[in-house]
Amino acid sequence: MKILFISTLRHIKKHFIQTLLTFFMTILMIAVLSAIFNFAASFQDVLRRWAIDTSGTYHYKFVAEDRNTLKGLEEGFKKDSWFSEVFLDTVDNKAVLFVTVDKPGLFTTRIMKEKLSEYSLDSIYQDHNWELLVSYGDLDKQNGMYAFLLIFVILITIITLASVLTLGAVLKISAYQREQDFALLSSIGASGSQISRMILFESMVYIFIAMPFGLVFGVYLLDLSRSKLDDMLKGLEKFPPVEIVISIPFIIAIIIVSIVIILASAYSSAKKVAKIRPIEAIGQNQQIYISKWEQKHKTGDSVLSNSVSKLISKLFNIEGQLAYKTHRRFKRQYYPVLVALSVNIALSMALSSFSHYTNDVISMTYSGMDYNIDIQLSCDDNKLLGQTADELMQISDNQLSLIRQTAFELRNPLPLSETGYRSGLFQGSGRQPDVVLLSVDNDTLYSICHNEGIDIKTLNENTGIFINDQRTWRHDGMQEKGNLFHLESGDILPIYSTHVSDSELSNPNDDAIEVKIAAAIDYSPEYTKVEASTSLVILVSEDTFLSLEPHRPFAERDPGNHNVFLRGMVNEADKLEKSISTYLDKQTQVYGKIYNYDEQIREEQASIAGIRYLLTGLVIILLLICLFSNFIVTWTINRARMKEFAIFSSVGMTPESIRKMKGVESLLNSIKALIPGTFMGIICSVLIQKVYLTEYSVSWTFPWWGLFIGILILIFVSVLSECIINMLMKKISIVDSMTLP
Amino acid sequence: MLTIQNLTKTYKIGDSAVVALDNVNLEIKKGEFLAIMGPSGSGKSTLLHMMAGVDIPTSGNVFIEGKNISKLQPSEQAIFRRRHIGMIYQSFNLIPTLTVEENIILPLMLDGKKIDRAMLMSLLELLGLSERRKHLPNQLSGGQQQRVAIGRGLMSKPSLILADEPTGNLDSENTEEVLTLLRTANENYGQTIIMVSHDENVSSIAKRRIFMKDGHIALDKVV
C-alpha cells in the first residue's frame, strides 16, 4: 500500500504547476472558512463583553412588584443545579430575581422555556440577556441574532458547495491524467479500493498541507479587515472594538468542514477509478468489445446532431466540425471543464444575489438619511420666521465650503389646514413612513376611480384608494392596487410594515403598533415620492384626510404652517450646530431646535462601507478559487491533448486551424456550461432569498449582474485556454508530442 | 522527388550535444520504395521526421518536389504535408474522437476538398474496413488501426508516403497485410514510399535500402 502512496506523491511532484495551483486554491478555501469561523468566534467575544458592560452577567431576570411573588421561582431555581447563581434583589422599588445558568450553550433558551412551564408567571415580568446568551452559542430565533446565523449559514453553504465542485473538478482531472496508470495497476492486481485510496490520499495531502497555511492566512485576512469589522459592528450597536479570538472548537469545526469538503470532492473520482478496467491500459493492441448501445451513442449521428454539425460547419468550417465531433464524442474529458465553468456561473449568480439581498437589508436596517443637520424653527409670525430662515441660510452660505452634498433647502412644513404643494416631508426624512395618505382633490379622485374601474359612489368619508403597486394589503384580506380601503376614523390603522412581525399583524388592534404615518395634502408626484417600497399609499379626499388627521397614532404631528425646516449634509456639522445655536440663543420670538445626526450617519456609512468591503473581499476570494480551478483544468486538459494536436499537425492541420478548433470547443463548452450554470445560479439565488425571507422582506430578482460576470469569466477562460495552447505549442515539438503516451 | 542536402540534427541533452544526423545527403526518385534501416538511435526516425517537416534541422535542406520544406513556416509546412505527404506511424496516431472514415478523409477535409465517396468506399474495401467505417479507433484492433493510418496516407493520393516502423506493433498476419497495402500503393498508384524499419524481413519488400549508423548513411543499396 505504501508504494501506491509513494506513487501518488510522485505524481503530485511531477505535475508541479497543477499541484501548486491546487494548493493555492485549497489554501484560499480554508482561509475563507477560517476567516468566517474566527469572525464568528470574535463576534461572540464582542457580544459577551458588550452584554456584560451594558446589562451585567445575569442570563435571565424576573421582575415583580414584591419579593414574595418571586419566592417560588427563587426556591425552585436554587434547587436546580442547571442554574449556577440565583440572586434576589430590589431595584427601583421592584423585586428582581437575577439568574445565571451554569453552562449556557446551544439550547439554553429552549431548556429555560421548559423549566419555566412548571411555574406560574402571572404578574412577573421576565427578560433575558440575549447578547450574553448568544455569545455562548444560544442561537434561538427569539434571541435576535438569527439574521447573523442565517448569513453565516448561507456563506458556509456557498463556500462548501463551490469548493466541493471546483476541487472535485481538479481531482477528476488528476484521476483522468492517471487513468492509464490506474488501469495498469489494476492489471497487475491492485484492487479497486486500493486504487481509490490513492485518490483519497492525494486529496488528503492537499488538505493537510494547505490546512496550516489556510488557517493562518484566514486569521491574517480577518486581522487585516479588523477596522472594517469594527465599523460594521459599530453601525449596528455601540459594540466594543473587535479582538481576534482563536477558538479551539471553531478551529476543529474548520478542520472538519475542510475534510468533509475534500472527501466529498474526491468521492466521485475515487468511486470511478475503483471501477477502472485493466483493458484500458493495454487496450490499443486488443480487440475491445463495444456493445451496440455504446457504438450507437459514441458514433451514431442523430438527426439533431447532424443538423448542429452542419450549422457549426457552416459557421466555423472544418475546424468547427472537428471541434463539434471531439466535443460530442469525448464527453468524459470535458466533464471537469463543464463543471468548473458551470460552478463559475452559478457562483457568480449566487454571490450577486447575496450581495443584492444584503444591500436590500442594508437599506432596511439603516436610515439612509441624506442630511446630517436638521434645524426646526417655529414662530407665530410667518414673516419673521422667513427672515430668520434666510439669515440662517446666510450663515450656511458664509460657510459654503462646509456644504457637502446638498445645499440647504427651505422646506415648508406639511400644511394640513390648507392646500399647499411644497410638501417635502419625504425628502431625506429618516425612517420612511409606513403608510402615506395622499389627499387629492375631487376631480383627481374621480379620474383615478375611472381609470381603476372603481364605482365613485362607493367612495365616502371613510374610504380611500389603495394605490401602491409594490405591496399587497395583508389585513382584512388581500388588497390590490386600485381597491378601496376603508379607513375607520379614530382607529389605529392596521398597517403592514417591515417593522412588525406577522404575529403582530394578525392582531393589529391588540397592541399599538408603532406606525409612522405621513400625509400630504396635495397629490404631487414630485414631492410625494415614497422611496421605501414598504410604504403604502392611500388616496383620500381632502375631507377624509382632514377627518382622519387627528387620529394618526404615533405620527409626528406636523407643526402647521408656522414652522420651517432647514436640512442639509454639511462637512462640519458640529461647528455649524454651534454657530446656529449661538444665533438662535439671541432670538426671542423664534423658537428653534437643532438635531445633529452627523455621528450617527458617519457610523452608518462606515458600517455600510465595512459590509461592502467584506462582501467584495469574499466575492474576490471565491472567484479566485474558481479561476484557479479553471486554470488547472484548462492547463491539464490541453497538456493531455498535445499528442492529439501533434497528430492533427502531422496530417496537415495548421497551427491557426488548431487554435480555431480549440476556440470553437471553448465556445461549445461555454454554451453547454451556461445552461446548467444559470439553472444552478437561479436555484441558489431563490434559496438565498428564501433564507433571507425568514428575517427580512426581500424580493427575488434575476441576478443579471452575476450572469454577466459569469459570462465574462467564460470569455476569460476561453482566452486563457487559447494562451495555454499557444504556449504549449510553442514549447513542445510535434515529434515530442507524438511520443507521449 | 526528394533531395536531402547536408542535413544535420543535433540535440542538446544537458550539457552535452548528441548528433542524430550528421551531414546526410540523399536523392530519392519518384515512384521509389525505399527502406531506411539501422540500429536503434542511428537517426532513421529523425531523418523521416525531417522529410515530413515535423522536426526542424540544425542545418541543411530537404527539398520535396523542388520545395525546401525545412525553410517553410509551420502553417505552410502543414499545408504542404496534407497535400503531398502521407504519414504512417508505428503507434498509428489516429484521432481518437474521429471514426475510421473521418480519420481517413481528415487530410482532404482539412484541405477543404470534396470527398470522392466512390474512392473512399473502394479504399475501405481494400483495407478491409467497410464494416468498421463508423467505429472509433479504440474499438479497433492494432492491425485495423494501422490499416486506417495507411488509408489516411493513401486517400489524399500524396506523392510521398513516409512510414515509421509501420509494422512495429503488429503480428505477422497484420504485418503481411500492411506490407501488401504499401506495395499496392507503390506499384498501382506510383506513390513514392519511404519506410523506416529495423526488421530485415519487412525491409525486404523495398527496392532500395539504406543503412544508417551514428547519424550518417553507411550503405545505400538497390536490390
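Residues numbered from 1 in each chain as written. Chains lettered and ligands numbered in written order. Predicted model: local features only at pLDDT ≥ 70, side-chain atom pairs only at ≥ 80, totals over all residues. Heavy atoms only, no water.

Novice: Just checking my understanding: could you explain the overall build of chain A for this structure?
Specialist: The number of helices and strands found in chain A is 24 helices and 13 strands. For chain A, with 741 residues in total, the buried portion stands at 50%. If you sum the accessible surface of chain A, you get close to 35,800 Å²; carbon and sulfur atoms cover 57% of it. (Helix = DSSP H or I, 4+ residues; strand = E, 2+ residues; numbered from the N terminus. Buried < 20%, exposed > 50% of the residue type's maximum accessible area, 1.4 Å probe, protein only. Areas by Shrake-Rupley, 256 points an atom, 1.4 Å probe, with all protein chains shown as cover.)

Novice: Can you walk me through the overall build of chain B in this structure?
Specialist: When you go through chain B residue by residue, the secondary structure sums to seven helices and ten strands. A buried classification covers 60% of the 223 residues belonging to chain B. Across chain B, the fraction of contacts at a sequence separation of at least 24, relative to all contacts at a separation of at least 6, is 68%. (Contact = heavy atoms within 4.5 Å.)

Novice: Mind showing me how you'd approach the pattern of salt bridges here?
Specialist: For side chains of opposite charge, pairing can occur when their charged atoms come near one another. Residue and element names in this part refer to chain A. Enumeration according to the criterion identifies 19 salt bridges over all chains in this entry. The shortest N-O distance in the salt bridge between glutamate 665 and lysine 662 comes to 3.8 Å. Residue glutamate 665 and its partner lysine 662 are located together in helix 22 (residues 655-693), separated by three residues, close to a single helical turn. Taking relative accessible area as the criterion, lysine 662 reaches 6% and is therefore assigned buried. (Salt bridge = Lys/Arg side-chain N within 4 Å of Asp/Glu carboxyl O.)

Novice: Mind showing me how you'd approach helix 6 (residues 172-189) of chain B here?
Specialist: Think of an α-helix as 3.6 residues a turn; residues three or four steps apart then line up on the same face. Residue and element names in this part refer to chain B. With 18 residues, helix 6 should reach 26 Å at 1.5 Å per residue; the first-to-last C-alpha distance of 25 Å fits that figure. By the burial criterion, the buried members of helix 6 are Asn174, Thr175, Val178, Leu179, Leu181, Leu182, Thr184, Ala185 and Asn186. Trailing helix 6 by a residue or two, glycine 190 shows a phi angle of about 65°, which is positive. (Expected span 1.5 Å × (residues − 1).)

Novice: What should I look at first to understand the environment of leucine 88 of chain A in this one?
Specialist: All names here are of chain A. Mapping leucine 88 onto the fold places it in strand 2 (residues 83-91). For the pair leucine 88 and glutamate 74, spaced 14 residues apart in sequence, the C-alpha to C-alpha distance is 7.3 Å. Among residues more than four places away in sequence, those in contact with leucine 88 are Arg67, Leu70, Lys71, Glu74, Val96 and Leu97.

Novice: What is the right way to look at the interface of chain B and chain A in this model?
Specialist: The extent of an interface is frequently quoted as the accessible surface area lost upon association of the parts. Taken together, the contact between chain B and chain A spans 38 residues of the former and 32 residues of the latter. Of the roughly 3,000 Å² buried between chain B and chain A on both sides combined, carbon and sulfur atoms contribute 60%. The interface formed by chain B and chain A includes zero salt bridges. Among the secondary structure elements, those contributing two or more residues to the side of chain B that touches chain A are helix 2 (74-84), helix 3 (100-110) and helix 5 (142-155) of chain B. (Buried area = accessible area lost by both parts, 1.4 Å probe.)

Novice: Could you clarify how one ought to interpret the packing of aromatic side chains in this entry?
Specialist: Any aromatic ring pair is given by two values, namely how distant the centres are and how the planes are angled relative to each other. Residue and element names in this part refer to chain A. Summed over all chains, the structure comprises 15 aromatic pairs over all chains. Aromatic pair phenylalanine 5 and phenylalanine 201: ring centres 4.3 Å apart, planes at 25°, arrangement stacked. One end of the pair, phenylalanine 5, is in helix 1 (residues 2-14); the other, phenylalanine 201, is in helix 8 (residues 192-224), and 196 residues separate them in sequence. Residue classification places phenylalanine 201 among the partly exposed positions, given a relative accessible area of 22%. The ring of tyrosine 136 has arginine 48 sitting right over it, with the charged end atom 4.2 Å from the ring centre. Here the guanidinium or amino end of lysine 228 rests over the ring plane of tyrosine 613, the centre of that ring lying 5.3 Å away. (Phe/Tyr/Trp six-rings, centres within 6.5 Å; stacked < 30°, edge-to-face > 60°. Lys NZ or Arg CZ within 6 Å of the ring centre and 35° of its normal.)

Novice: Would you mind going over the nonpolar core with me for this structure?
Specialist: Taken as a class, soluble globular proteins show a tendency for nonpolar side chains to be buried jointly. Counting residues in each nonpolar core, the largest one holds 84 residues, and the members touching the most others are Ile30, Leu33, Phe182, Leu622, Ile688 and Tyr692 of chain A. In this structure tyrosine 692 of chain A touches Ile151, Ile154, Phe354, Tyr357, Thr358, Val361 and Val698 of chain A, once residues within four positions along its chain are discounted. (Core = buried A, V, L, I, M, F, W, Y, C linked by side-chain atoms within 4.5 Å.)

Novice: Please clarify how the sheet that holds strand 8 (residues 192-196) of chain B should be interpreted in this entry.
Specialist: Two modes of strand pairing occur in sheets, parallel and antiparallel, and in both the strands are linked by backbone hydrogen bonds. All names here are of chain B. Pairing in this open sheet of six strands is mixed, and the strands run 6-7-8-3-9-10 from one edge to the other. The two strands at the open ends of the sheet, each matched to only one other strand, are strand 6 (85-88) and strand 10 (216-222). In this sheet, adjacent strand axes meet at a mean angle of 15° when their direction is disregarded. Bridging between strand 3 (residues 33-37) and strand 9 (residues 208-213) involves four bridges; their strand directions are parallel. Across the sheet, the residue bridging to methionine 37 is phenylalanine 211, located in strand 9. The sheet contacts of helix 2 involve strand 6 and strand 7 (160-164), and relative to strand 6 the element is tilted by about 85°. Relative to the sheet, helix 6 contacts strand 3, strand 6, strand 7 and strand 8, its axis offset from that of strand 8 by approximately 150°. (Pairing = 2+ DSSP bridges. Axes fitted to C-alpha atoms, helices over the stretch in contact; angles between N-to-C directions.)

Novice: For this particular structure, what's the right way to read the sheet that holds strand 2 (residues 16-28) of chain B?
Specialist: All names here are of chain B. The four strands are arranged 2-1-4-5 in an open sheet whose pairing can be described as antiparallel. Looking along the sheet, the strands with just one partner apiece sit at the ends: strand 2 and strand 5 (67-68). The sheet contact formed by strand 4 (residues 59-64) and strand 5 spans two bridges and is antiparallel. By the bridge assignment for strand 5, isoleucine 64 is matched with lysine 67. Taken strand by strand, helix 1 (residues 44-52) contacts strand 1 (2-13), strand 2 and strand 4, and its axis lies near 120° from that of strand 1.

Novice: Explain the confidence of the model for chain B to me, please; I cannot follow it from the model alone.
Specialist: Parts of the prediction with low pLDDT should not have their coordinates interpreted in detail. Confidence in the prediction of chain B, expressed as mean pLDDT, is 85, and 100% of residues score 70 or more. We note a pTM of 0.64 for the whole complex and an ipTM of 0.79 for its interfaces. (pLDDT = per-residue confidence, 0-100.)

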